[in-house]
Amino acid sequence: MTRAFLSLLFALGLVTALPATALAATPLENHVLSRDAYATFSSTEGRLSTSVLVASSRALYMPAHGAGGGVVHQGVTSVEIIVEEAPAEVTAAAAGGGGGGGTLLADWYGQVMVPLHAPASMARATVTAVVPMVDEVSGDQADAVVNLVWLATGPAQRHPVHLHHRYPGIVILNTNSNDTLREAVASGTVMLNGVNWTPDTAESLLSTTRFHCRQIGHGHMGSDWGLCF
C-alpha cells in the first residue's frame, strides 16, 4: 500500500461533553522544531514504471519552560520503491491520451531512525542511511543504501498559521505553526539489490516547522489528557 510521505494528518476528537465544573488545570505546552526533506523519483522504461519516494527528517521536541519533561531528539528516514507494469493495450492507448490500470510488481518499504543533516537555512540537506526494506508483494527483504543530497533552488516561503480552539468547560487549545518551504532538487543514489533506483535528479522539497501548542484543561481534562503531543 502506498504511503503518503508528503502529508501530515492532525485530528482533534471530542466524543463526550463533560460538565464545566472545577478550576482550570495547569496548562500543558510543548514546542516542536523539525527540518524535513522529501523527494520523488519517477521513471518509465517500456511498460514498466518506477516511483521512488524518500522522506528524511530531524526533529526536536521540548516542553515549555516549567512544564516538566525533557528534550527529545528524533530522526527518521523512510523509503518506498514501487514498480508497476502497464498492460500492452494501455501502453498503446497512452499515446492518444488514454490509459489506466496496471499490475503492481513490487512495493518495497522501510524506515530507520537516521536523521537528516541540514543547516538552519535549509539551503542544502543530506542523508546517508541503510534502510531495511520489505517488498509487500513478494515478502522479500533487503537493505536499501541511501545517499542523497538536496540543493535549494528557490527562496524560502513562509506559511504562519495560528489556531484557537475553545470548548467551554472542557479545554482551550492554542497552536502556532511557522512553516518554511523551499523548492529543491535532489540527487544521489538509492541502491537496492545492486540497482540504483534514482539515476536522475528529482524535483523535491525542503521544509522547516516551528510548532507551539498550549492546552488549558478544565475539570476532568487535566494533565492526564493531552492534545499537545
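The rules behind each value
- Residues numbered from 1 in each chain as written.
- Predicted model: local features only at pLDDT ≥ 70, side-chain atom pairs only at ≥ 80, totals over all residues.
- Heavy atoms only, no water.
- Helix = DSSP H or I, 4+ residues; strand = E, 2+ residues; numbered from the N terminus.
- Buried < 20%, exposed > 50% of the residue type's maximum accessible area, 1.4 Å probe, protein only.
- Contact = heavy atoms within 4.5 Å.
- Areas by Shrake-Rupley, 256 points an atom, 1.4 Å probe, with all protein chains shown as cover.
- Core = buried A, V, L, I, M, F, W, Y, C linked by side-chain atoms within 4.5 Å.
- Pairing = 2+ DSSP bridges.
- Polar contact = N/O pair within 3.5 Å; in protein donor to acceptor, adjacent residues only side chain to side chain.

(A) Local environment of the overall build of the protein chain. Scanning the protein chain for helices and strands turns up one helix and 10 strands. Along its sequence from the N terminus, the protein chain presents helices and strands in the succession β-β-β-α-β-β-β-β-β-β-β. By the burial criterion, 35% of the 229 residues in the protein chain qualify as buried. Once local pairs closer than 6 in sequence are excluded, the contacts in the protein chain between residues at least 24 apart make up 66%. A total of about 12800 Å² of accessible surface is found on the protein chain, and carbon and sulfur atoms cover 57% of it.

(B) Geometry of the nonpolar core. Formed by 31 residues in total, the largest nonpolar core has its most connected members in Val79, Ile81, Leu116, Met133, Leu148, Trp150 and Val190. Taken together, the elements giving at least two residues each to this core come down to strand 1 (28–45), strand 2 (48–63), strand 3 (72–85), strand 4 (103–112), strand 5 (124–135), strand 6 (141–152), strand 8 (171–192) and strand 10 (202–217). Setting aside chain neighbours within four positions, we find isoleucine 81 in contact with Thr50, Ser51, Val52, Ala106, Asp107, Trp108, Met133, Val190, Leu192 and Trp197.

(C) Structural detail: the pairing of strand 7 (residues 157–167). Relative to strand 8, strand 7 runs antiparallel, the two sharing 11 bridges. Across the sheet, the residue bridging to arginine 158 is threonine 180, located in strand 8. Connecting strand 7 to the antiparallel partner strand 8 that follows it, the hairpin turn spans three residues, and glycine 169 within it adopts a positive phi of roughly 75 degrees.

(D) Quick peek at the environment of threonine 103. Along the polypeptide, threonine 103 turns up in strand 4. For threonine 103, a relative accessible area of 43% puts it in the partly exposed group. Sequence-wise, threonine 103 and proline 87 are 16 residues apart; in three dimensions their C-alpha atoms are separated by 7.8 Å. Those residues within four positions of threonine 103 in sequence are excluded, and the remaining contacts are Val83, Glu84 and Glu85.

(E) Looking closely at the side chain of aspartate 135. Inspection of the secondary structure assignment puts aspartate 135 in strand 5. At 2.9 Å, the side chain of aspartate 135 and the backbone nitrogen of aspartate 107 are in polar contact. Within polar-contact distance, the side chain of aspartate 135 engages the backbone nitrogen of valine 137 at 3.0 Å. Sequence-distant contacts of aspartate 135, that is, excluding residues within four places in its chain, are made with Leu105, Ala106, Asp107, Trp108 and Asp140.

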